[in-house]
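Fold and geometry: a report
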Amino acid sequence: MIDIPNNKQLILFDGVCNLCNSSVLYVIKRDKKDKFVFAPLQSDVGEEIIKKFNINTVNTDSILLYNPKKDRLTYKSTAALLVAKDLGFPTCILSIFLIVPTFIRNWIYNYIAKNRYKWYGKKESCMIPTLELKSKFIA
């Protein structure tokens with residue numbers, strides 16, 4: 001059973017991707033409303049969400065945003081822009097791109113995702129959060 005604190009949304013990310021890890025740290029720093037918790041896709045929680053929503057990880061190599069209140073999962077550009085929407089100014093301005101058709105947004109997202117290891121590198125294992133960040137992660 002996925003145990004997510006009340007009024008939080010879960011961001012699942014590629015725990016070995018340097019770009020993804022940097023993005024998580026970016027969100028944590030700007031999450032003034034304390035709306036998000038995190039877990040790597042490779043974690044038990046990640047695997048549970050992937051099974052629950054029957055996600056094909058070959059086709060969806062992506063950030064996933066799980067909203068437990070609505071029992072809804074969003075992914076790729078939509079997830080990223082919904083996260084940005086809750087981060088305050090100026091990051092929240094990026095949510096205007098939600099008006100762009102999903103297939104266009106995801107084409108750009110997929111291009112970056114496909115090249116992220118080449119451009120930003122990859123870790124041998126998932127990021128281990130520091131003690132001060134540990135409360136933001138779900139095991």
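What you see is a predicted model, and the numbers here were worked out from it, not measured in a lab. (Residues numbered from 1 in each chain as written. Predicted model: local features only at pLDDT ≥ 70, side-chain atom pairs only at ≥ 80, totals over all residues. Heavy atoms only, no water.)

Overview of the side chain of Arg105
Here is the rule: Starting at the N terminus, helices and strands are each numbered in turn, a helix being any DSSP run of H or I of at least four residues and a strand any DSSP run of E of at least two. Using a 1.4 Å probe on the protein chains alone, a residue whose accessible area is under 20% of its type maximum counts as buried, one over 50% counts as exposed, and one in between counts as partly exposed. Here Asp and Glu are counted as negative and Lys and Arg as positive; His is not counted, and neither are the chain ends. Here, a salt bridge means any Lys or Arg side-chain nitrogen found within 4 Å of an Asp or Glu carboxyl oxygen. Counting of polar contacts relies on pairs of N or O atoms within 3.5 Å, with two restrictions inside protein: one atom must be capable of donating a hydrogen and the other of accepting it, and residues adjacent in sequence are counted only when both atoms are side-chain atoms. Contacts are residue-level and defined by heavy atoms, with any inter-residue pair within 4.5 Å sufficient.
Position of Arg105 among the secondary structure elements: in helix α4 (residues 102-120). Summary of buried charges: Arg105 has no salt-bridge partner, and the nearest side chain of opposite charge, Asp86, is 14 Å away. Only 3.3 Å separates the side chain of Arg105 from the backbone oxygen of Phe97, close enough to count as a polar contact. Once residues lying within four places of it in the same chain are set aside, the contact partners of Arg105 are Ser77, Thr78, Leu81, Phe97, Leu98 and Val100.

Some thoughts on the packing of aromatic side chains
Condition: Only centres within 6.5 Å qualify two rings of Phe, Tyr or Trp (six-membered ring in Trp) as a pair; their planes then separate them into stacked at under 30 degrees, edge-to-face at over 60, and tilted for everything else. For a Lys NZ or an Arg CZ to count as sitting over a ring, it must be within 6 Å of the ring centre and within 35 degrees of the ring normal.
For the coordinates displayed, the defined rule picks out five aromatic pairs. Residues Phe53 and Tyr66 carry aromatic rings whose centres are separated by 5.7 Å and whose planes lie at 65° to one another, so their mutual orientation is edge-to-face. Pair noted here: Phe53 is in the loop between α2 (44-52) and β3 (64-67) and Tyr66 is in strand β3, with a separation of 13 residues, a long-range link. Residue classification places Phe53 among the partly exposed positions, given a relative accessible area of 25%. Members of the aromatic cluster, joined through ring pairs, are Phe13, Phe38 and Phe137. The ring of Tyr26 is capped by Arg30, whose NZ or CZ atom sits 3.6 Å from the centre of that ring.

A short note on the environment of Pro5
Among the structural elements, Pro5 can be located in the segment before β1 (9-13). Here Pro5 falls in the partly exposed class, since its relative accessible area comes to 39%. Between the C-alpha atom of Pro5 and that of Lys35, which follows or precedes it by 30 residues, the distance is 9.7 Å. Residues contacting Pro5, with those up to four places away along its chain left out, are Val37 and Ile138.

Describing unusual backbone geometry
The residue after Phe89, namely Pro90, is reached through a cis peptide bond having omega 5°. Along the chain, Pro90 turns up in the loop between α3 (76-85) and α4. The backbone phi angle of Lys76 is positive, close to 55°, even though this residue is not glycine. Assignment of secondary structure puts Lys76 in helix α3. Residue classification places Lys76 among the buried residues on the basis of a relative accessible area of 9%.

Observations regarding the packing of α3 against α4
Rules: In this analysis, axes come from line fits to C-alpha atoms, helices being fitted only over the stretch in contact, and the angle between any two N-to-C directions falls in the range 0 to 180 degrees. Here is the rule for angles: anything less than 35 degrees is roughly parallel, anything more than 145 is roughly antiparallel, 65 through 115 is roughly perpendicular, and the remaining ranges are oblique. In the scheme used here, Gly and all other residues not listed as nonpolar or charged are polar, with Ala, Val, Leu, Ile, Met, Phe, Trp, Tyr, Cys and Pro taken as nonpolar and Asp, Glu, Lys and Arg as charged.
Between α3 and α4, whose axes approach to 7 Å, the crossing angle comes to 90°. By the angle between their directions, the pair α3 and α4 is classed as roughly perpendicular. Of α4, the residues touching α3 (which contributes Lys76, Ser77, Thr78 and Leu81) are Thr102, Arg105, Asn106, Tyr109 and Asn110. Tallied by class, residues from the contact of α3 with α4 come to two nonpolar, five polar and two charged.

As for the sheet that holds β1
Condition: Whether two strands pair depends on DSSP finding at least two bridges between them.
In space, the four strands of this open sheet follow the order β2-β1-β3-β4, with mixed pairing throughout. Whereas interior strands pair on both sides, the edge strands pair on one side only; in this sheet they are β2 (36-40) and β4 (72-75). The average undirected angle you get between the axes of adjacent strands in this sheet is 25°. Across three bridges, β1 lies against β3 in antiparallel orientation. For Leu12, the partnering residue across the bridge sits in β3 and is Leu64. Contacts from α2 reach β1, β2, β3 and β4 within the one sheet, and its direction differs from that of β1 by about 100°. Packed on one face of the sheet, α3 meets β1, β2, β3 and β4 and runs near 105° to β4.

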